[in-house]
Amino acid sequence: RRLACGDVEGRLEAIFGRVRAIQAKSGRFDMLLCVGNFFGSTSEAEWAEYSTGAKKAPIPTYVLGANNQDTLSYFPDVSGCELAENITYLGRRGVYSGCSGLQIAYLSGTEAQEQPAPAHSFSAKDVVELKTSLLSTPNFRGVDILLTSPWPRDVGTFANSAGEIDTKKCGSKLVSDLAASLKPRYHFAALEKAYYERLPYRNHMVLQETPQHVTRFIALADVGNTGKKKYLYAFSIVPMSSMDPAELVKQPQDVTENPYRKLRKEAPKSKAEEEPACQFFFDLNKHQGKKRPSDGKERGDSQPKQAKKPPQPTGPCWFCLASPEVEKHLVVSIGTHCYLALAKGGLSPDHVLILPIGHYQSVVDLSSEVLEEVTKYKAALKEFFRSKGKRYVLFERNYRSQHLQLQVIPVPLDLCTSEDIKEAFTAQAQEQQIELLEIPEHSDIAQVAQPGTPYFYVELDTGEKLFHRIRGRFPLQFGREVLASEALLAQPQRADWRQCAAQRPEEAAQARAFRREFEPFDFSLRD
């Protein structure tokens, strides 16, 4: 049983009085962990009573070092020392290991804004050395607790609101990097005079890595604050080393994506981190189908997917090319198995659909020949849109639809990055309690969804994919809503296609213009 508190700022009687009251009511706690400013500008009188032994802390208390020049004198040894009976300064950086096996990583000070770093600040070198000391440990899985004074930058990404604190501007990027690497089960910070308990976040990529424990980030307010914000946090924790592995990696219902996903992607992966993907997927380097791939490389010895005849629609279909219901004036390219058509009421004039000529409900139902031509259309559209300074976003909703429609929407390259697009989808999904998971770039949707399974997936022209298995209701316009949102195309009024539909002559003119521009990239005219 542990206690953690925010900035004490020299109010020793206030914090220790509160601890005594809690212990009288709830029983004894093992330690008090203090983050933020332990000392303040008016600490001397109260501190003298503890430093001389006249008073004693009621519980073993561990504190971080100075965050400013004014309080440096209270910490005589940068490597850590006992400041008074029952009050210990942990040191500049390091790991405290309790006799129970509990591991507490700590980093004192604030991020240095100049070099050399002042004595009350930490630098990138400090973070690298702390990470290295732990990551080099055999079978390292993470630490139980991480103590820092500053918040980690971007901790609020994918999460519940932090109130008035802007987590994209507040805090330290180096602390974010440290938290991303050390994977603490609890991370405590302070300095912002605010209480914020973030929803727990994952430390693994779903379907790509073996499940790992979650992290709970908790920022604590200053002791005795007039706003009565929470500054003391009680929790129980069993050391990771003593836990059953299955119990350790249980995921709570409110778990979110990792807020430091960008940092984790940029960091080189260890061999242990790279192994697990094969547990969830077949050999993703092998291709299916009978035809030779366009890059001229061999497909390996995988068995070709047998061609299958598409099922017949049960009623009129708006997208089977042979159907009289098809609006043929929107068609811009026809291949052997697939065709391209402008979207009716598109998000932009070059919003197109990739559609199978025959009646298939979803990508996972396609035969190898049809799938191969879908891939060729994707490649042609990528090249076409890149020539115009754009990247495409593709999505499919296999829910309340009869005929496969791959929606392909171009987005200007200078408007947003692929990470921005993924974050926009993930953030909006989280708001609507939709679990949108990232899956390996070279994987096939058929490997995570069986035929007949309702799903929604997004694919970028880089090959990156996000996937949601639909188990209940699902917003029909979700893909359009995200792309039309202020975070991306900033045209929220175009989220509903019915508000964007043009007259038939205008649609026909747009189709002719697209057909003319796409012609140099259209393989169907050459095959």
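Every value quoted in this text rests on a predicted model; they were computed, and no experiment measured them.

Caption draft 1: Up close: the overall build of the protein chain. If you tally the helices and strands in the protein chain, you get 12 helices and 22 strands. Across the 527 residues of the protein chain, 52% fall into the buried class. In the protein chain, of all internal contacts separated by at least 6 residues, the share reaching a separation of at least 24 is 71%. On the protein chain, roughly 25,100 Å² of surface is accessible, and the fraction owed to carbon and sulfur atoms is 50%.

Caption draft 2: The nonpolar core, seen in detail. Within the largest apolar cluster, 35 residues are counted, with the highest numbers of intra-cluster contacts made by I354, L381 and F514. Mapped by element, the contributors of at least two residues to this core are β16 (338-342), β17 (352-356), α9 (368-386), β18 (390-398), β19 (406-412), β21 (455-460) and α12 (504-518). Sorting elements by how many residues they give to this core places α9 first, with seven residues. Look past the residues within four positions of F514 in its chain and what remains in contact with it is V332, L342, D350, V352, L381, F384 and F385.

Caption draft 3: A look at the packing of aromatic side chains. Under the defined criterion, the tally for this structure stands at 30 aromatic pairs. Summarising the aromatic geometry, the rings of Y201 and Y260 are spaced 5.6 Å apart at their centres and angled 85 degrees between planes, so their arrangement reads as edge-to-face. Note that Y201 is positioned in the loop between β12 (196-197) and β13 (216-219) and Y260 in the loop between α5 (245-248) and α6 (261-266), a separation of 59 residues in sequence. With a relative accessible area of 1%, Y201 lands in the buried category. Seen from their ring centres, F384 and F514 are 5.3 Å apart, and the 75 degrees between their planes marks the pair as edge-to-face. Taken as a pair, F384 in helix α9 and F514 in helix α12 lie far apart in primary sequence, 130 residues in all. Relative accessible area serves as the criterion here: at 2%, F384 is assigned to the buried category.

Caption draft 4: Summary view of α12. Its 15 residues place the ends of α12 21 Å apart at the C-alpha level, agreeing with the 21 Å of an ideal helix rising 1.5 Å per residue. Among the residues of α12, those classed as buried are E507, A508, A511, F514 and F518. Within α12, the buried residues cover an arc of 125 degrees as seen down the axis, which keeps them to one side. Opposite the buried face of α12, by more than 90 degrees, sit the exposed residues P505 and R516. Against β15 (331-334), β16, β17 and α9 lie the buried residues of α12.

Caption draft 5: Molecular detail of the sheet that holds strand β3 (residues 61-63). Read across the sheet, six strands follow the order β4-β5-β3-β2-β1-β14 without closing on themselves; strand pairing throughout is mixed. Every other strand in the sheet has two partners, leaving β4 (81-84) and β14 (232-235) as the edge strands with one partner each. Sheet twist, expressed as the average angle between the axes of neighbouring strands with direction ignored, equals 25 degrees. Pairing geometry for β4 and strand β5 (residues 87-89), over three bridges, is antiparallel. If you follow A84 over to β5, its bridge partner there is I87. Seen against the sheet, helix α2 (residues 44-51) touches β4 and β5 and runs at an angle of roughly 110 degrees to β4.

Caption draft 6: Representation of the sheet that holds strand β20 (residues 437-439) within the structure. As summarised here, the arrangement of the eight strands in space is β15-β16-β17-β19-β18-β21-β22-β20, forming an open sheet in which the pairing is antiparallel. With one partner strand each, in any of the chains shown, β15 and β20 form the two edges of the open sheet. Direction aside, neighbouring strands of the sheet carry axes that sit 25 degrees apart on average. Sheet topology places β21 next to strand β22 (residues 465-469); five bridges connect them, and they run antiparallel. Residue pairing in the sheet places E459 in a bridge with K465 of β22. Here α9 sits on the sheet and contacts β15, β16, β17, β18, β19 and β21; the angle it forms with β18, its principal contact strand, is near 145 degrees. Set on the sheet, helix α10 (residues 418-431) makes contact with β18, β20, β21 and β22; between it and β21 the angle comes to about 165 degrees.

Caption draft 7: Broad picture of the pattern of salt bridges. This model, assessed by the stated rule, comprises 25 salt bridges. Across the salt bridge formed by E257 and R202, the nearest N and O atoms sit 2.9 Å from each other. Of this pair, E257 sits in the loop between α5 and α6 while R202 sits in the loop between β12 and β13, and the two are 55 residues apart along the sequence. Its salt-bridge partner being K378, residue E459 comes within 3.0 Å of it at the nearest N-O pair. Here K378 lies in helix α9 and E459 lies in strand β21, a separation of 81 residues in the sequence.

Caption draft 8: Summary view of unusual backbone geometry. Cis rather than trans, the peptide bond between Q115 and P116 has omega equal to 0 degrees. Here P116 is to be found in the loop between β8 (110-111) and β9 (121-122). In this structure, F158 is a non-glycine residue whose phi angle is positive, near 65 degrees. By the element assignment, F158 lies in the loop between β10 (145-148) and α4 (173-182). The exposure class assigned to F158 is buried, which follows from its relative accessible area of 7%. Phi angles above zero are rare outside glycine, and Q433 is one such case at about 55 degrees. Mapped onto the fold, Q433 is located in the loop between α10 and β20.

Parameters at a glance
- Residues numbered from 1 in each chain as written.
- Predicted model: local features only at pLDDT ≥ 70, side-chain atom pairs only at ≥ 80, totals over all residues.
- Heavy atoms only, no water.
- Helix = DSSP H or I, 4+ residues; strand = E, 2+ residues; numbered from the N terminus.
- Buried < 20%, exposed > 50% of the residue type's maximum accessible area, 1.4 Å probe, protein only.
- Contact = heavy atoms within 4.5 Å.
- Areas by Shrake-Rupley, 256 points an atom, 1.4 Å probe, with all protein chains shown as cover.
- Core = buried A, V, L, I, M, F, W, Y, C linked by side-chain atoms within 4.5 Å.
- Phe/Tyr/Trp six-rings, centres within 6.5 Å; stacked < 30°, edge-to-face > 60°.
- Expected span 1.5 Å × (residues − 1).
- Arc of directions from axis to C-beta.
- Pairing = 2+ DSSP bridges.
- Axes fitted to C-alpha atoms, helices over the stretch in contact; angles between N-to-C directions.
- Salt bridge = Lys/Arg side-chain N within 4 Å of Asp/Glu carboxyl O.

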